[in-house]
Amino acid sequence: WVSVRHGLVVSARRHPLRSGDRLRASVKRGEVFDSGIGLLDHLLRDQADELQNIVRKAGERVDDIEDDMLARHAGRHGTELSQLRRLAVRLNRLMSPEPGALQRVVANPPYWVQPPEAQRLREAGDDFGVALRDVASLQDRIKLLQDEASSRVAEENNRSLFLLTMVTVLAL
């Protein structure tokens, strides 16, 4: 999806990625990268920051839904929880291979990668790993909220069925 040459980065996407767009903006502001590893480090950190922003926003929405559910308000959040869970699953599926691939490169770096650059990549991979753990934690929270919502619906159905049974017995 990306081709990198001296002085040129080309992406084959129709819509720019936020992290790639942030990298482009950095270059336009005059930021200079000492090597391709510096560029990759910057891109990985931008990706991790963007992932953290997405997780933070989704987490805030999950907090609101959780507060609403704890207050026992009648609002239904099943659709929104499903959308948030699909987002978390998609992020995890798309991003989870990156830290492993990066660790394999850092464990056996090519001859042209200097030790300080390898350390920078290792740190960027760690940041990315933290962001992915946050995504997994968000997934778990959403699953628990969905389970809670399902149990409440089952409880309401049981009450309605009990009431219907009592009315039927009295009518007979």
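Residues numbered from 1 in each chain as written. Predicted model: local features only at pLDDT ≥ 70, side-chain atom pairs only at ≥ 80, totals over all residues. Heavy atoms only, no water.

## Quick word on the side chain of Glu50
The condition that has to hold: Going along the chain from the N terminus, every DSSP run of H or I of four or more residues is numbered as a helix, and every run of E of two or more is numbered as a strand. The cut-offs for exposure are 20% and 50% of the maximum accessible area for each residue type, with area from a 1.4 Å probe on protein chains only; residues under the lower value are buried, those over the upper are exposed, and the others partly exposed. The criterion used for residue contact is that any of the two residues' heavy atoms lie within 4.5 Å.
Among the secondary structure elements, Glu50 is positioned in helix 2 (residues 36-70). According to the relative accessible area criterion, Glu50 is buried, its value standing at 14%. Contact partners of Glu50, with chain neighbours within four places excluded, come to Arg18 and Arg22.

## Observations concerning the nonpolar core
What counts is decided by this rule: The nonpolar core is taken to be a set of buried Ala, Val, Leu, Ile, Met, Phe, Trp, Tyr and Cys residues, with the residues joined through side-chain atoms within 4.5 Å.
Judged by nonpolar contacts, the single largest core of 19 residues is most densely connected at Leu51, Val62, Leu84, Val135, Leu138 and Ile142. Every element with two or more residues in this core is listed here: helix 2, helix 3 (78-95) and helix 5 (115-171). Residues in contact with Leu84, not counting those within four places in the same chain, are Ala58, Arg61, Val62, Ile65 and Ile142.

## Side note on the pattern of salt bridges
What counts is decided by this rule: Definition used for salt bridges: Asp or Glu carboxyl oxygen within 4 Å of a side-chain nitrogen of Lys or Arg.
All chains considered together, the criterion is met by 16 salt bridges. Notably, a salt bridge pairs Arg120 with Asp41, separated by 3.5 Å at the nearest N-O pair. Here Arg120, found in helix 5, pairs with Asp41, found in helix 2; they are 79 residues apart in sequence, far enough to count as distant. Among the residues examined, Asp41 registers a relative accessible area of 8% and is labelled buried. The residue Lys143 makes a salt bridge to Asp147 at a minimum N-O spacing of 3.6 Å. Of this pair, Lys143 and Asp147 both sit in helix 5, four residues apart, which is roughly one turn of the helix. Taking relative accessible area as the criterion, Asp147 reaches 41% and is therefore assigned partly exposed. A network of salt bridges, in which partner residues are shared, links Asp34, Asp41, Arg45, Arg120, Glu123 and Asp127.

## Quick word on helix 2
Along an α-helix, residues three or four positions apart point the same way, because every turn accommodates 3.6 residues. Where we set the bar: Between the first and last residue of a helix there are one fewer steps than residues, each counted as 1.5 Å, and that sum is the expected span. We call two N or O atoms a polar contact when they sit within 3.5 Å, provided that within protein one can donate a hydrogen and the other can accept it, with sequence-adjacent residues counted only if both atoms are side-chain atoms.
With 35 residues, helix 2 extends 50 Å between its outermost C-alpha atoms, agreeing within 8% with the 51 Å of an ideal straight helix rising 1.5 Å per residue. Here helix 2 starts with a cap whose side-chain oxygen sits 3.3 Å from the backbone nitrogen of Ile37, and that cap is Ser35. Looking at the residues trailing helix 2, positive phi occurs at Arg72, about 60°.

## A look at helix 1 (residues 18-28)
For clarity, the cut-off: Taken from the helix axis, the directions to the C-beta atoms give the arc we talk about.
Among all positions in helix 1, only Ser19, Leu23 and Ser26 are buried. For helix 1, the arc enclosing every buried residue in end-on projection is 60°, short of the 170-degree limit, so these residues lie on one face. Opposite the packed face of helix 1, turned more than 90 degrees from it, sit the exposed residues Arg18 and Lys28. Structurally, helix 1 contributes buried residues whose contacts are with helix 2. One or two steps after helix 1, the chain reaches Gly30, where phi turns positive at roughly 105°.

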